[in-house]
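# Examining the three-dimensional arrangement
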Amino acid sequence: MESFLKNFEVESKHPSAEAQRRWRRAVGLVVRNPRRRFRMVPDLDTRSEVEAKKKNIQENIRKIRVALYVQTAALHFIDASANAEYPLSEEVRKAGFLISPDELTNIARSHDNRRLKNHRGVSGIARKISISPDYGVKTSDLSIRQEIYGINQYVEKPPRSFLMFVWDALHDLTLLILMICALISIVVGLATEGWPKGMYDGLGIVLSIFLVVIVTSISDYRQSLQFRDLEKEKKKIFIQVTRDGYRQRVSIYDLVVGDIVNLSIGDIVPADGLYISGYALLIDESSMSGESEPVHVSHEKPFLLAGTKVQDGSATMIVTAVGMKTEWGKLMETLSYGGEDETPLQVKLNGVATIIGKIGLAFASLTFIVLLGRFMLDKFYNAGLKWFPDDVLTILNYFAISVTIIVVAVPEGLPLAVTLSLAFAMKKLMEEKALVRHLSACETMGSASCICTDKTGTLTTKHMVVDKIWICEMAKSFRGSESAVSLKSMIPGSALTVLLQCIFLNSGSEVVRGKDGENSILGTPTETALLEFGLALETQVDSQHQHCKKLKVEPFNSVKKKMSVVVELPDGGTRAFCKGAPEIVLQMCDHVIDSDGSIILLSNKQKDNVMKVINDFACEALRTLCLAFKDTSGEEQNMDEIPATGYTLICVFGIKDPVRPGVKEAVQTCIAAGIKVRMVTGDNINTAKAIAKECGILSEDGLAVEGSEIRNKNPEEMKDIIPKIQVMARSLPLDKHTLVKNLRKMFNEVVAVTGDGTNDAPALHEADIGLAMGIAGTEVAKESADIIILDDNFTSIINVAKWGRSVYINIQKFVQFQLTVNIVALMVNFVSALFTGSAPLTAVQLLWVNMIMDTLGALALATEPPNDNMMKRPPVRRSQSFITPVMWRNIIGQSMYQLIVLGLLMFDGKKLLGIDGLDSDIVLNTFIFNTFVFCQVKYLFDFIIFSSGKYFVFDIFIFDFALFV
């Protein structure tokens, strides 16, 4: 079978257009209902049109960029813009606004600096839309702002109604032919046999078709509702805004013009707007302009476009245009019509359906020819060439049976069963805190042989607290306010003052006051731990950090592994602060604060002592962090770069982040399932090893390395070292990408990788399955991922793998069941036609069989939940055949058994059952049909009772197949 499916192979991620077109061509005309079968398959022509529209939008944005950089064009463009009139409507004036929606929209979209200056800059715009940057929008004004300036939602493809699914089901060519046959049968039957007997055959076919269409439509409609619910979950994106004077977390779809939005690294800009304030804001506009070079946004260039990404820095912006008034809104409207790529299993089953369909078409044609030939020979021999009305009904019945054989033989339900199974799995995974963004990821995760996981928040709780601190040459445990009092009595005031200044000023997080008057910390868990420590200590010491002014900020990123800031002190001097990875910060220091609070030279011996403290903290599974400062002169203040040397070491923090409950058991489950777990972290190697051992990841013969150790190795060296790696510490995002790429290309592994930062996007994109963290993950990471782990828990990743395996096994069960029923139904009618001149399975009965296989069979077999036994077998390899030798054995064995039983009934059934009389043929055929149906019920029992651990394990009873029964 696999040799016939070469044209039906596509990549699980980013399949080429050629591969997609190739399998569509290979399907050919062997499709009963293209509208239904290809409903979940993207229209490549429509997708090409969407891409063309997208490029057109990007080209328009590039023209604006050219106009800005080319002076002559810029002047022409700006003058044309400045001359445009935007009258203020009475409605806008009554609402209390002094700028029209169109003019406000055009300022950011066209980067219209001249018009912005005419309105006296960003502050002038804020006044004209009745906004204070410190207070934000009033909640009571939201409705009027939405009415005047629009809502932040995009035009989407309208959902399909139930009647549309009925209409799709009625497009089945074979059902249409059968309807015509049924109508002819009714007309001829009434003419020859009268009312009501003449109606029976034709009406039976019509009612069967009606039942098939309704059941199929209900199944497809329910499936579409599941996907619609999942789409809603995917769009739940929240962002920090200032409203009513308080920081709040709101959905991006609730944003209004005038909202003050807080942006940080990894955020996607949710609307068009203007920059108010921030530090080193770097924007990636490739999604809009197609250009890879990031753009610096500042007071001089304050324009921000919806859909762009914050690559570095932080800022606040004021929203000036939302929804369909932005270029991003127009782009999103076109993208909603593009469709999602088909999964490899969907494509493969389209191939299986095509091959079976061709065989079925040949059998149906042969059956009709044999039936018609035997009828003509009998008629010629017995009655000559004289024709009767009954002869027309007989030939029509033969034709209907042949067409119905095609209905049964072309398994339209095979590819759709994959979609049904995936939809069911995705809905269940949502309940288990995993949001599947791409269908193929749920399927591929079942074959994962390696998981490269982060440490912080995935294996650990991410509830960080300062556990130990080394300062003034002494180490001390920290346990809240009592320890703060003790620390104040032991540490000189000058050292505590500079420590608190570094904690509060050199931070990307914020302490904000909520409506309830309580303080809360917004930011990363590491900085939250430091700020909590600082707040506890601040009650004992006055550091006057509130009176300092930030001059320069270098935000933390995973490449530099440090954050720096330059501030102006209350006395007029300037001071630089730095915090980050100990090995980075320690190299920048040449002084240290001693036990008296004095600043002394940092000797090599003292450096060794500090490194010993760092390693001791790390071996206790504590995350280590160094803080340092440097008093700078006026000349250094005017330098473009923050100083990188000459710092004084303040302290070393040991931050505790406990391992999540259940992680060790989940790792053991992975190992039993043949999935190798590797920890990839930016932490100190000793911390990483301690956590890895606690989780059961690092074994005695396993290898723990730092990212720098593999960074410059050649392919041969990597081939030797990569299989042994269980822990990679101090890794850069590029190291993670290199590891994932080599595991896939060099060792043919199916790799799942977790990520939460903006710089993890390349690794998430490269992996077979990219897993982004729902809580800690940035919007850029989530956009690059295939699955979002909503609770950031490693156990949830195991659930995804379990459901992925369940999808694969359920589809194998359905294929095995359907192929067996196909073979038996085809052979019974063909052999009977060949030897007896009649078909024991009528058109109505075959339609019933088709409904069992295509719809009810899929519901029963393709939607089974996973069981623990699925994680006790190795993963499916890339090269493994979908229809395995065990499946072929079961299909052939079960088909032979059923054919023998049904053959005995066909050829010797009257004698065996003692049937005689005028209606003996009808009674026998009914008995054969019932036997055929109960053979399928027995087949389900075989699945349950005789399935071996090597293939299927079912811990359920027959009545669990309620939909089937």
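Residues numbered from 1 in each chain as written. Predicted model: local features only at pLDDT ≥ 70, side-chain atom pairs only at ≥ 80, totals over all residues. Heavy atoms only, no water.

If you check an unreviewed UniProt entry, the protein appears there as Calcium-transporting ATPase from Zingiber officinale. The UniProt entry for the protein carries the following comment under Catalytic activity (unreviewed entry): "Ca(2+)(in) + ATP + H2O = Ca(2+)(out) + ADP + phosphate + H(+)". (UniProt positions renumbered as here; feature names shortened; annotations may be inferred.)

## Topic: the packing of helix α1 (residues 17–27) against helix α15 (residues 344–382)
Between α1 and α15, the shortest axis-to-axis distance is 9 Å and the interhelical angle comes to 20 degrees. The angle between α1 and α15 falls in the class roughly parallel. When the axes of α1 and α15 are compared, the crossing they make is left-handed. Touching W23, A26 and V27 of α1 are V347, N350, T354 and K358, all from α15. (Axes fitted to C-alpha atoms, helices over the stretch in contact; angles between N-to-C directions. Helix = DSSP H or I, 4+ residues; strand = E, 2+ residues; numbered from the N terminus. Parallel < 35°, antiparallel > 145°, perpendicular 65-115°, else oblique. Left-handed = near helix turned anticlockwise from the far one by under 90°. Contact = heavy atoms within 4.5 Å.)

## So, the packing of aromatic side chains
Scanning the entire structure with this criterion turns up seven aromatic pairs. Relative to Y149, the ring of F97 has its centre 5.3 Å away and its plane inclined at 55 degrees; by these criteria the two rings are tilted. Linking F97 in the loop between α5 (90–94) and α6 (101–109) with Y149 in helix α9 (residues 142–149), this pair joins segments that are 52 residues apart in sequence. Accessibility classification places F97 together with Y149 in one group, the buried group. The structure contains a cluster of three or more aromatic residues connected by ring pairs, namely F162, F165 and Y221. The aromatic ring of F165 is capped on one face by R160, whose charged end is 4.8 Å from the ring centroid. (Phe/Tyr/Trp six-rings, centres within 6.5 Å; stacked < 30°, edge-to-face > 60°. Buried < 20%, exposed > 50% of the residue type's maximum accessible area, 1.4 Å probe, protein only. Lys NZ or Arg CZ within 6 Å of the ring centre and 35° of its normal.)

## Brief notes about the packing of helix α12 (residues 200–234) against helix α17 (residues 413–431)
Following both chains from N to C, one finds α12 and α17 inclined at 45 degrees, their axes separated by 10 Å at the closest point. Classed by the angle they form, the pair α12 and α17 counts as oblique. Considering how the two elements wind past one another, α12 and α17 form a crossing that is left-handed. Where α12 abuts α17, its residues Q223, Q226, F227, L230 and E233 lie against L416, T419, L420, A423, F424, M426, K427 and M430.

## Details of the sheet that holds strand β21 (residues 676–680)
The strand order β8-β26-β25-β24-β9-β21-β23-β22 describes an open sheet built from eight strands, whose pairing is mixed. Taken across any chain shown, the strands that pair with only one partner, and hence form the sheet edges, are β8 (434–436) and β22 (703–706). Here the strands of the sheet are splayed against their neighbours by 20 degrees on average, with no regard to which way each runs. In this structure, β21 lies alongside strand β23 (residues 725–729), joined through two bridges in parallel fashion. Bridge pairing in β23 places M679 opposite V727. (Pairing = 2+ DSSP bridges.)

## Some remarks on unusual backbone geometry
The residue K433 is not glycine, and still its phi comes out positive at about 70 degrees. Note on placement: K433 falls in the loop between α17 and β8. For K433, a relative accessible area of 43% gives the class partly exposed. With phi around 55 degrees, C472 is a residue other than glycine that occupies positive phi space.

## A look at the UniProt feature "transmembrane region" (unreviewed entry) in the protein
Look at the UniProt record and you will see "transmembrane region" (unreviewed entry) annotated at residues 173–192, 198–218, 355–375, 395–425, 814–835, 847–865, 886–907 and 922–941. Secondary structure content for residues 814–835 is 100% helix and 0% strand, and the end C-alpha separation is 32 Å. Between the first and last C-alpha atoms of residues 886–907 the distance is 31 Å; the span itself is 100% helix and 0% strand.

## Section: the environment of V322
With respect to the secondary-structure elements, V322 resides in the loop between β7 (309–321) and α14 (327–335). The spacing of V322 and Y253 is 69 residues in sequence and 9.1 Å in space, taken between C-alpha atoms.

## Observations regarding the pattern of salt bridges
Between side chains of opposite charge, a pair can form as their charged atoms come close. The full count for this structure, using the stated rule, is 26 salt bridges. We note a salt bridge from E779 to K782, for which the minimum N-O separation is 3.5 Å. Linking E779 with K782, this pair stays in helix α31 (residues 779–784), spanning three residues, or about one helical turn. For E779, a relative accessible area of 14% gives the class buried. Through salt bridges that share partners, E103, D112 and R115 make up one connected network. (Salt bridge = Lys/Arg side-chain N within 4 Å of Asp/Glu carboxyl O.)

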